[in-house]
Amino acid sequence: MLMLERPAPRPAGVLGTHGSTLATVRVPRADGAPFEVQLVAREVDLDTCAVYVDGRKRGWIHHEGHYYVAYAGQIPEYAHECGHSLLWDEAAALLLSAAPAPAARA
């Protein structure tokens, strides 16, 4: 479940540039009990946003047709798909519960 909050006045480094949204997403654990993660979603273009947790980029959510596709990884070209959903918050939960992307090859 996505709970959007109005961004309170904060330093620019926390929320980043225009187009950033502060959100709280419930992510299921292995035992089934959900926990809440606060994230920042920063618009990259009309269909894509980068997802940050604790100031570190966790991945991307791209809107393709009717679906939101979650990609885990720092760099879009090397990110791997970790799932898709009809709802943005479920795609964010898939991204946050995914294993880190494999290291890029040189």
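*Asks:* It is not clear to me how the overall build of the chain should be interpreted in this structure. Could you clarify?
*Replies:* Of the regular secondary structure elements, the chain holds 2 helices and 7 strands. Approximately 6900 Å² of the chain is accessible, and the part contributed by carbon and sulfur atoms is 56%.

*Asks:* Whenever I open this one, a nonpolar patch on the surface confuses me. Can you help?
*Replies:* A cluster of nonpolar side chains, contributed by Tyr-67, Leu-86 and Leu-87, occupies part of the molecular surface with about 310 Å² of accessible area. Tracing the chain through its elements places Tyr-67 in strand β6 (residues 67–72).

*Asks:* For this particular structure, what's the right way to read the pairing of strand β3 (residues 34–45)?
*Replies:* On a regular strand, one side chain projects to one face of the sheet and the next to the other, so that they alternate. Here strand β2 (residues 20–28) runs beside β3; their pairing, made up of 9 bridges, is antiparallel. If you follow Pro-28 over to β3, its bridge partner there is Pro-34. Two successive antiparallel strands, β2 and β3, enclose a turn made up of 5 residues, where Gly-32 displays a positive phi of approximately 95°. Hairpin connection, β3 to strand β4 (residues 48–53): the antiparallel pair is bridged by 2 residues.

The rules behind these values
- Residues numbered from 1 in each chain as written.
- Predicted model: local features only at pLDDT ≥ 70, side-chain atom pairs only at ≥ 80, totals over all residues.
- Heavy atoms only, no water.
- Helix = DSSP H or I, 4+ residues; strand = E, 2+ residues; numbered from the N terminus.
- Areas by Shrake-Rupley, 256 points an atom, 1.4 Å probe, with all protein chains shown as cover.
- Patch = residues over 30% accessible without salt bridge, like charges linked within 9 Å, V, L, I, M, F, W, Y side chains within 5 Å.
- Salt bridge = Lys/Arg side-chain N within 4 Å of Asp/Glu carboxyl O.
- Pairing = 2+ DSSP bridges.

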